[in-house]
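Structural characterization, general
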Amino acid sequence: MSNLETWKKAAAKEYQTASIEEMNFLTSEGVTLRPLYTEEDLKNLPNIDSMPGLEPFMRGPRPTMYSKKPWTVRQYAGFSTAEESNAFYRKALRDGGQGISVAFDLPTHRGYDSDHPRVKGDVGKAGVAIDSVEDMKILFQDIPLDKVSVSMTMNGAVIPIMAMYIVAAEEQGVEAVKLSGTIQNDILKEFIVRNTYIYPPQQSLQLVADIIEFTAKHMPKFNSISISGYHMQEAGADSALELAYTLADGQEYVKLACARGLSVDEFAPRLSFFFGMGLNFYMEIAKLRAARVLWSEIMTKLGAEDPRSKTLRTHCQTSGQSLTEQDPFNNIVRTTIEAMAGVFGGTQSLHTNAFDEAVALPSALSSRIARNTQLILQEETQITKVIDPWGGSFMMESLTNDLINRTKVLMEEVKNAGGMLRAIELGIPKRNIERASAQKQARVDKGLDIIVGVNKYRTDEETSFEILQVDNVTVLKNQVNRLKAVRSNRDNKKVEECLGALKNYAQSGKGNALALAIKAVRARATLGEISSALEDSWGRYQATPSSLSGIYDKMFLNDPSWKNSMDRVKKFQKKHGRRPRILLAKLGQDGHDRGIKVVASGLADAGFDVDLSPLFSTPDEIAKIAIENDVHIVGVSSQAAAHKTLIPELIHILKTKKSSDIKVICGGVIPKQDFSFLEKAGVGLIFGPASPIPTIVEKILDLFE
């Protein structure tokens, strides 16, 4: 009897099972994770003799990896004003940071100046407000842009932001040819999950191509696009979905650039990727290894000859979705594990989330802990001394191959739909990710997936720590005053000429939007003006809201408490002649809709009539929909910290319209420090992060009794 057979017999006895296969675990990706792997699992696997820096790059994009130079420590941050953000960046660089990663506020993402009436509650709340090149110059003051690489998460208003960065550097004395860093510029994933788009998909892709074309000619050290799976993971995608749709997006961008007449090897070496790192430790390591193999294959088929064009280079960020409000110091441990997965997978740069980001922007203390997590991994361990320590692992090599095969199946579905753009139009990626998200949350609510401190090992002790609070009123006032100064001290005729050229471009499709925007920025055109010049011809895109159902019904089929909730809904219906009706809403410019989609799914399964508002609605618009639809409740989902401004305004509008009988509740990323303020404003219920859906259902029903 072989050693393997002997082990199977012993393990079956210990596990008290007749079949050792009962010990297997099926991951959310549909990959079987077995308790034991042996050399048999390596037989006939492709790429098993792969070496770092050599095609297909499974073991890393560079031959020496971290043994020569560790990954770049890059902390993503933006704090209300350019002055505050600049101070943070300069301190971070002094304290060991190795690059800047800019978070913009939502009005900036969505192409609005801070004085636009739709955005007054969002200015400076979830990042730095940038209205003109004067803001951008302050943002990078005393930071040598020819020496410090800059990463910018921007997609919707990518043209004015990129132009302002180039002009700010120019006026600092740094030519565009010397700039290094990355612009995200990944609009396709915005239509799948994150929703900070402005224009329709086809026109948005035109802008992506313009940036790739411009940077290929004028900015050889700058990465023209960061193809992002991170936000897909944050929206609930498993590793296979994240990998498949990210690579399919990348494939679409390459074809787009080639259609412009660029050769693959002319621009592909400057493409980069951005992946999320969750707590599924083995799978996350396998994901980065699989990504490099798949991208090498894709680029070879697209005609790439230069090995650099086939090399997938990536930035990674630890998960925000895994952070919990409950027992928040556990988040430090979670982030460390996720950071190690990114490092073992071979990332080129890394951002570690702060432990308090489940409820607020990171404080100075939590940011320092997050950054030091990376420095400890680099400086105090021996992790950097070995290139791909998982190479040759029976388990890891097998898992990587399984994930490659699963990803290919998903990518084939996209191909059969007619490519990624068509798949997005059909809603395929969005629907699959939303289903995975709801299934994951249902498993957590059921207790099948354990989250320490949330659904197991809960503590009654309150953990207090300083929360970063942004004074939105002061930030808004400062930005409005600066905008007035910019507009009063410029040559408005010159501005109008530049904006006219952009309007002509939008109508004709001739020229390059980035080149035209640079001229407009030099004349001191604002971000909102540049965005509007294109919007005049293209319009502003609005997605149709939708939700899934049937997931909670299936998960809680025989659960007595769930059955009780459904019975209560039926009693309500019998008493009032209709089911309880709720309008679930996102206020302001926050497009993160994972939470609201999961809640919609659960409430619908419990028997509620559920309406979803259009994204980016104002309090006035939500009140109008609520009254017209005759709802009992408006449930507001908040993630971008505008709840203290917009929710009280909604309640006030309902009162003035004599509809104060419509109850207002809210949930999401809301610090407990804000609960009393919202309750005094008239909010009936407040649900913090990770509130179980069955609990939400019960408490809403309690409101009617």
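Residues numbered from 1 in each chain as written. Predicted model: local features only at pLDDT ≥ 70, side-chain atom pairs only at ≥ 80, totals over all residues. Heavy atoms only, no water.

Examining the packing of helix H7 (residues 201–218) against helix H9 (residues 239–259)
- Between H7 and H9, whose axes approach to 9 Å, the crossing angle comes to 70°. In this view, H7 runs roughly perpendicular relative to H9, as classed from their interaxial angle. Handedness of the H7/H9 crossing: right-handed. Between H7, through Leu-205, Val-208, Ala-209 and Ile-212, and H9, the contact on the second element is made entirely by Tyr-253, Leu-256 and Ala-257.
- Of the residues in the contact of H7 with H9, the class split is seven nonpolar, no polar and no charged. (Axes fitted to C-alpha atoms, helices over the stretch in contact; angles between N-to-C directions. Helix = DSSP H or I, 4+ residues; strand = E, 2+ residues; numbered from the N terminus. Parallel < 35°, antiparallel > 145°, perpendicular 65-115°, else oblique. Left-handed = near helix turned anticlockwise from the far one by under 90°. Contact = heavy atoms within 4.5 Å. Nonpolar A, V, L, I, M, F, W, Y, C, P; charged D, E, K, R; others polar.)

Side note on helix H27 (residues 693–703)
- Buried residues of H27: Ile-693, Pro-694, Ile-696, Val-697, Ile-700 and Leu-701, and no others. Looking straight down H27, one finds that the buried residues subtend no more than 160° of arc, so they occupy a single side. (Buried < 20%, exposed > 50% of the residue type's maximum accessible area, 1.4 Å probe, protein only. Arc of directions from axis to C-beta.)

With respect to the domain arrangement of the chain
- For the chain, the domain assignment lists domain 1 (1–30) and domain 2 (551–703).
- For domain 1 versus domain 2, the separation of C-alpha centres amounts to 46 Å. (Domains from an automatic or database assignment.)

Focus: the packing of aromatic side chains
- Applying the stated criterion across every chain yields a total of 23 aromatic pairs.
- Among the aromatic residues, those joined into a cluster by ring pairs are Phe-191, Tyr-197, Tyr-541 and Phe-616.
- Here the guanidinium or amino end of Arg-110 rests over the ring plane of Phe-616, the centre of that ring lying 3.4 Å away.
- Here the guanidinium or amino end of Lys-644 rests over the ring plane of Phe-677, the centre of that ring lying 5.1 Å away. (Phe/Tyr/Trp six-rings, centres within 6.5 Å; stacked < 30°, edge-to-face > 60°. Lys NZ or Arg CZ within 6 Å of the ring centre and 35° of its normal.)

As for the packing of helix H5 (residues 158–172) against helix H19 (residues 513–522)
- Here H5 crosses H19 at 55°, and the two axes come no closer than 8 Å. Between H5 and H19, the angle falls in the class oblique. Relative to H19, the crossing made by H5 is right-handed. Two secondary-structure elements touch here, H5 through Ile-159, Pro-160, Met-162, Ala-163, Met-164, Ile-166, Val-167 and Glu-170 and H19 through Ala-513, Leu-514, Ala-517, Ile-518, Val-521 and Arg-522.
- Residues that form the contact of H5 with H19 fall into these classes: 12 nonpolar, no polar and two charged.

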